[in-house]
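Observations on the model geometry
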Amino acid sequence: GIEFRNVSFTYPNAKKPTLKNINLFIKAGDNIALVGENGSGKTTFVKLLCRLYDPTEGEILIDGVNIKEFSLKDLYESLGVIFQDFMKYEATVAENIGYGNIKNLTKGKKIEESAKKSGAHEFITDLENVYKTHLGKIIKDEGTELSVGQWQKVALARAFFKDAQIMVLDEPTAAVDAKAEYELFRKFEHLTKEKTTVLISHRFSTVRMADKIVVLENGKITESGSHIELLRKRGRYSQLFNLQAKGYK
Ligand code: ADP
């Protein structure tokens, strides 16, 4: 599993810490969701896990080993990450997915399977040159521009293609509508059974599916537990959940 052991973090030149004394164990194979208002530290948590920064205090362990002891190459092989500002490559659809794992770039069947998992396959089959369609218009005038939601599905397919043990999704579906996100994650739950996933989402219809929900407020974990446990607790999570649910009634 992944363990954050008393992790605190202050950005270089920042006066106050962004994360404070984070203690969290994520069991291998579990799906966890991080929730909290903007600025509560969710993305920073993910950045530390990916070693874009190292904790100012405390340590992060994977299977009991401090992540600083892994080579970056090994760490990055085990992590599949999609950030909010996911990459769009000026390349074909197949390459955009295949860049998730350069070693397998030419495995067309696997690329297609990944696109099916992410829900991208459907719109790809409508493109003129299907998987060979050039995406983006910067180098090729006749290139195809996708909608944000479609790019996100391509990015998600790239993460599936990588087949990493740990999947980190930082609001990967913000541009997809709520129903599409819900369906994607229902599928996702099934597809990532063997994997550990860390999801950041503002949509409680998705968050509630996680094995464990962790609530961050001002850089601290204030609650954690399953959807049902947290609703019963009637704390911050239940407040936020009901607030959003009201909007849908
Ligand atoms: P969330 O993902 O929950 O919205 P973030 O982790 O992105 O929150 O940000 C948490 C806090 O850290 C915010 O107050 C933000 O301003 C600050 N922060 C984020 N990135 C940097 C940075 N590169 N340098 C300094 N402060 C940062």
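First things first, this report covers the structure right here in the doc. Treat the numbers as computed from the prediction; the structure is a model and nothing was measured. Each chain carries its own residue numbering, running from 1 in the written order of its sequence. Residues qualify for local features only when their pLDDT is at least 70, as the model is predicted, and side-chain atom pairs are given and counted only at 80 or more; totals for whole chains, interfaces and linings, by contrast, use all residues. Only hydrogens and water are set aside; all other atoms, that is, all heavy atoms of the structure, feed into the side-chain values.

Topic: the sheet that holds strand β3 (residues 31-35)
- Two strands make a pair as long as DSSP finds a minimum of two bridges between them. Numbering of helices and strands runs from the N terminus, with a helix taken as a DSSP run of H or I at least four residues long and a strand as a DSSP run of E at least two residues long. Strand order in this open sheet of six strands is β6-β7-β8-β3-β9-β10, and the pairing throughout is mixed. Every other strand in the sheet has two partners, leaving β6 (79-82) and β10 (220-225) as the edge strands with one partner each. The mean inter-strand angle of the sheet, taken between neighbouring strand axes irrespective of direction, is 15 degrees.
- Summarising the sheet, β3 and strand β9 (residues 212-217) pair through four bridges and their orientation is parallel. Considered in β9, the bridge of Leu34 is made with Val214. Angles shown run from 0 to 180 degrees and are taken between the N-to-C directions of axes, each axis being a line fitted to C-alpha atoms and, for helices, limited to the stretch in contact.

Here we look at the packing of aromatic side chains
- For Phe, Tyr and Trp, where Trp contributes only its six-membered ring, two rings pair if their centres lie within 6.5 Å, and the inter-plane angle classes them as stacked under 30 degrees, edge-to-face over 60, or tilted in between. Going through the model one piece at a time under the given rule, you end up with eight aromatic pairs.
- Consider the rings of Phe4 and Phe45, whose centres lie 4.0 Å apart with planes at 10 degrees: the pair is stacked. Pair noted here: Phe4 is in strand β1 (residues 2-9) and Phe45 is in helix α1 (residues 42-49), with a separation of 41 residues, a long-range link.
- Whether a residue is buried, partly exposed or exposed follows from its accessible area with a 1.4 Å probe, protein chains only, as a fraction of its type maximum: under 20%, in between, or over 50%, in that order. Here Phe4 falls in the buried class, since its relative accessible area comes to 1%.
- Exposure remark for Phe45: the relative accessible area of 1% places this residue in the buried category.
- Ring geometry for Tyr11 and Tyr53: centres 5.2 Å apart, planes at 85 degrees, overall edge-to-face.

Considering unusual backbone geometry
- One non-glycine residue, Val130, adopts positive backbone phi at about 45 degrees.
- When you line up the elements, Val130 lands in the loop between α5 (121-125) and α6 (148-162).
- For Arg234, which is not a glycine, the phi torsion comes out positive at approximately 55 degrees.

Details of the site of the ligand
- As a structural note, the neighbourhood of the ligand is formed by Tyr11, Thr18, Glu37, Asn38, Gly39, Ser40, Gly41, Lys42, Thr43, Thr44 and Tyr53.
- Under the rule applied, a polar contact is a pair of N or O atoms within 3.5 Å (in protein, one hydrogen donor and one hydrogen acceptor; residues adjacent in sequence only if both atoms are side-chain atoms). One of the side-chain N or O atoms of Thr43 is found 2.8 Å from an oxygen atom in the ligand.
- Within the side chain of Thr44, a nitrogen or oxygen atom sits 2.5 Å from an oxygen atom of the ligand.
- For the ligand, whose unbound accessible area comes to 560 Å², protein coverage reaches 59%.
- Of the residues that constitute the shell around the ligand, the class distribution is two nonpolar, seven polar and two charged. One heavy atom suffices: a residue is near a molecule or strand as soon as one of its heavy atoms comes within 4 Å of it. Note on areas: Shrake-Rupley with a 1.4 Å probe; residue coverage comes only from the protein chains shown. When residues are sorted by character, Ala, Val, Leu, Ile, Met, Phe, Trp, Tyr, Cys and Pro go into the nonpolar class, Asp, Glu, Lys and Arg into the charged class, and all the rest, Gly among them, into the polar class.

So, the nonpolar core
- Among the nonpolar cores identified, the biggest contains 26 residues, and Phe4, Ile22, Leu24 and Phe45 are the most heavily contacted of them.
- Secondary-structure elements contributing two or more residues to this core are β1, β2 (19-26), β3, α1, β4 (57-62), β7 (166-170), β8 (196-200) and β9.
- The contacts of Leu24, once residues within four sequence positions are left out, are Ile2, Glu3, Phe4, Ile32, Phe45, Lys212, Val214 and Ile221.
- Within the second largest apolar cluster, 20 residues are counted, among which are Leu156, Leu169, Leu230 and Phe241. To qualify as a nonpolar core, a set must consist of buried Ala, Val, Leu, Ile, Met, Phe, Trp, Tyr and Cys residues joined through side-chain atoms within 4.5 Å. For this analysis, residues touch if any pair of their heavy atoms sits within 4.5 Å.

Focus: α1
- Counting buried residues in α1 gives six out of eight residues, a clear majority hidden from the surface.
- Residues of α1 that are buried include every one of Lys42, Thr44, Phe45, Val46, Leu48 and Leu49, and no others.

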